[in-house]
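Structural description and commentary
Now for the letters of each chain:
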Amino acid sequence: MPSIPHVDIESLEQFDRLLAAGATAMAGWRVQSVDLTGRTAELLGLQPTGSVFLGCVLEDKADAWVRDGGGLVFPAIPELPFDAYRGRLYDADELYAGLENGYDATPDARIYAWSRQHDEKGDTSRTLATALHDHAIADALTELPDDKPWVGVMGGHGVLRGDGNYRAAVLLGRTLARRNHLVVTGGGPGAMEAANLGASLASYDDADVDVALTELAAVPSFRPSIGAWAAAGLGVRARFPGNGGVSIPTWFYGHEPPNVFAASIAKYFSNAQREDVLLGRARGGIIYLPGAAGTVQEVFQAVTPNYYGDAATQIPLVLVDVEHWTVKLPVWPLLQSLATNRPMTHSIHLVDTIDEAASLVS
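Treat the numbers as computed from the prediction; the structure is a model and nothing was measured. Here the residue numbering is sequential within each chain, running from 1 through the sequence in written order. Two thresholds apply to this predicted model, a pLDDT of at least 70 for residue-level local features and 80 or more for giving and counting side-chain atom pairs, whereas whole-chain, interface and lining totals are computed over all residues. The side-chain numbers reported here are obtained from all heavy atoms of the structure, hydrogens and water having been left aside.

Some details on the sheet that holds strand 5 (residues 150-154)
Strand pairing is defined by DSSP finding a minimum of two bridges between the two strands. In DSSP terms, a helix is any run of H or I states spanning at least four residues, a strand is any run of E spanning at least two, and both are numbered starting from the N terminus. Strand order in this open sheet of 7 strands is 8-7-6-5-9-10-11, and the pairing throughout is parallel. Both outer strands of the open sheet, strand 8 (264-265) and strand 11 (348-351), are each paired with one neighbouring strand and no more. In terms of strand pairing, strand 7 (residues 246-247) meets strand 8 through 2 bridges, oriented parallel. When the bridges of strand 8 are listed, serine 247 appears paired with isoleucine 265. Contact between two residues is taken to exist if any of their heavy atoms lie within 4.5 Å; hydrogens are not considered. To obtain an axis, a line is fitted to C-alpha atoms, over the contacting stretch when the element is a helix, and the angle between two such axes runs from 0 to 180 degrees between their N-to-C directions. Against the sheet, helix 14 (residues 331-339) touches strand 10 (317-320) and strand 11, its axis set at about 150 degrees to strand 11.

In structure tokens form, the structure reads like this:
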């Protein structure tokens, strides 16, 4: 028996287009977070077998029709500060909505506060809601175009705006975007913000980069005020609009706010799932700028598939700053030892400049 293709419906407009095209059955339809209260008559004219409705708003008659006809209806989960069935990724405007009233008023802050209040062992309602949310985010990520190689840029969240390392990360992001790579980061401040900013400045010249960096340097860190830090970023983004690539942050590190320069933000509750997705999607290669524990974890999480893989499965892993990775945090000697007599020996690199790093990813 042939399988039924899935159709993801994430807006009322998509639903109406299917009706206009003459749809008579909903087998394979997966409808996410759509208000269908005005489409009861239309739903009653469709065969519901094999359909799935996730967090949609249905009138009672339509709800009964779908359930009785062999469809599945997953109701919205009440009293959540987020949509567990959302059909799209976030962006900075959504996460920072209401910032003029202070960061605590934004969806990003309220979701983090909720996660801390409900982060208790055995709280199944909380774990169900977050698992559904993260599944929806993972699904939305797969819908992003894959016409460009995804190149990951990892690095410390503590790099200050105005610092030379911040500027270097900006230039790296710009170089990668200009070479037709999609820049993907962990989504936080510091080097991650800088790389997304650089990607968004791909069409701008050095003078514009200097202006943007000068404006941002007035608020060098998200401490003590996330609100001031985010507002400065939004101001620069408005002045120099562009596609800053993708970021994949997490509320697990809620003290690290998401940067505003990524065009698409895939924010997860689960850091483990977020890390796996982040490193798994960066098949064009991963560049590691100086960082601490989190960056070291990301190095070895990506190294493991290379270590066990063959020549065909290798991805470039590039560490930037020889002194940092050999003296301050001697990761490089261990990587060399692991790579001995394995295909991985050709996929790990240690360089000192961003130009060298950019030339090593595919």
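Some remarks on a negative patch on the surface
For patches, a residue must show more than 30% relative accessible area and have no salt bridge; joins then use 9 Å for like charges and 5 Å for nonpolar side chains, namely Val, Leu, Ile, Met, Phe, Trp and Tyr. Only the protein chains shown count as cover for residues, and the accessible areas themselves come from Shrake-Rupley with a 1.4 Å probe. By definition here, a salt bridge exists when the distance from a side-chain nitrogen of Lys or Arg to a carboxyl oxygen of Asp or Glu is within 4 Å. His is not counted here, nor are the chain ends, while Lys and Arg score as positive and Asp and Glu score as negative. Taken as the charge location is NZ of Lys, CZ of Arg, CG of Asp or CD of Glu. Taken together, the side chains of Glu323, Asp352, Asp355 and Glu356 make up a negatively charged region of the molecular surface. Examined against the element boundaries, glutamate 323 turns out to sit in helix 13 (residues 322-328). For every residue, the accessible area obtained with a 1.4 Å probe (protein chains only) is divided by the maximum for its type, and the residue is called buried under 20%, exposed over 50%, and partly exposed between those limits. A relative accessible area of 58% means that glutamate 323 is categorised as exposed.

With respect to the sheet that holds strand 2 (residues 29-32)
Read across the open sheet, the 4 strands follow the order 1-2-3-4; overall the sheet is parallel. Across the chains shown, the open sheet's two edge strands, defined by having one partner strand only, are strand 1 (7-9) and strand 4 (72-74). Averaged over all adjacent pairs, the angle separating strand axes in this sheet is 15 degrees, with direction ignored. Bridge analysis of strand 2 against strand 3 (residues 52-54) gives 3 bridges, and the strand direction is parallel. Looking across to strand 3, one finds that arginine 30 is bridged to valine 52.

Quick word on the nonpolar core
We call a set of buried residues a nonpolar core when its members are Ala, Val, Leu, Ile, Met, Phe, Trp, Tyr or Cys and they connect through side-chain atoms within 4.5 Å of each other. Leu141, Leu176, Leu197, Ile248, Ile286, Ile287 and Tyr288 are the most contacted members of the largest nonpolar core, which has 89 residues in total. Broken down by element, the residue count for this core peaks at 6 residues, all from helix 7 (residues 164-178). Filtering out sequence-adjacent residues up to four positions away, tyrosine 288 remains in contact with Met154, Leu279, Thr295, Glu298, Val299, Ala302, Leu317, Val318, Leu319, Val320 and Trp325.

Re the side chain of threonine 250
Note on placement: threonine 250 falls in the loop between strand 7 and strand 8. Owing to a relative accessible area of 3%, threonine 250 belongs among the buried residues under this scheme. For threonine 250, the side chain forms a polar contact with the main-chain oxygen of tyrosine 268, separated by 3.2 Å. There is a polar contact of 3.4 Å between the side chain of threonine 250 and the backbone oxygen of phenylalanine 269. Between N or O atoms, a polar contact is any pair within 3.5 Å; within protein, one atom must be a potential hydrogen donor and the other a potential acceptor, and residues adjacent in sequence are included only when both atoms are from side chains.

Re the layout of surface pockets
With a probe scaled to a water molecule rolled over the atoms, the places where space remains empty come into view. Using protein atoms alone on a 1 Å grid, points that fit a 1.4 Å probe yet trap it form a cavity, whereas open point sets bounded by protein on both sides within 12 Å along at least five of seven lines form a pocket; residues with an atom within 4 Å of a point count as lining. Grid points are joined across faces, edges and corners, and a volume is the space filled by probe spheres set on the points. In this structure, the largest pocket spans a volume of roughly 420 Å³. Taken together, 22 residues form the lining of the largest pocket, with Gly156, His157, Gly291, Ala292 and Thr295 sitting closest to its centre. Listing elements by their share of the lining of the largest pocket, those giving two or more residues are helix 11 (271-281), helix 12 (293-308) and helix 13. Top contributing element to the lining of the largest pocket by residue count: helix 12, with 4 residues. Of the residues belonging to the lining of the largest pocket, the class tally is 6 nonpolar, 10 polar and 6 charged. Throughout this entry, Asp, Glu, Lys and Arg are counted as charged residues, while Ala, Val, Leu, Ile, Met, Phe, Trp, Tyr, Cys and Pro are counted as nonpolar. The remaining residues, Gly among them, count as polar.

What about the pairing of strand 9 (residues 285-288)?
Neither face of strand 9 is exposed, since Gly285 and Ile287 on one face and Ile286 and Tyr288 on the opposite face are all buried. The pairing of strand 5 with strand 9 spans 4 bridges and is classified as parallel. The residue bridging glycine 152 from the neighbouring strand is isoleucine 286, located in strand 9. Taking the sense of rotation as the criterion, the β-α-β connection linking strand 9, helix 12 and strand 10 turns out right-handed. With its strands directed away from the observer, a crossover is right-handed exactly when the path from the first strand over the helix to the second travels clockwise.

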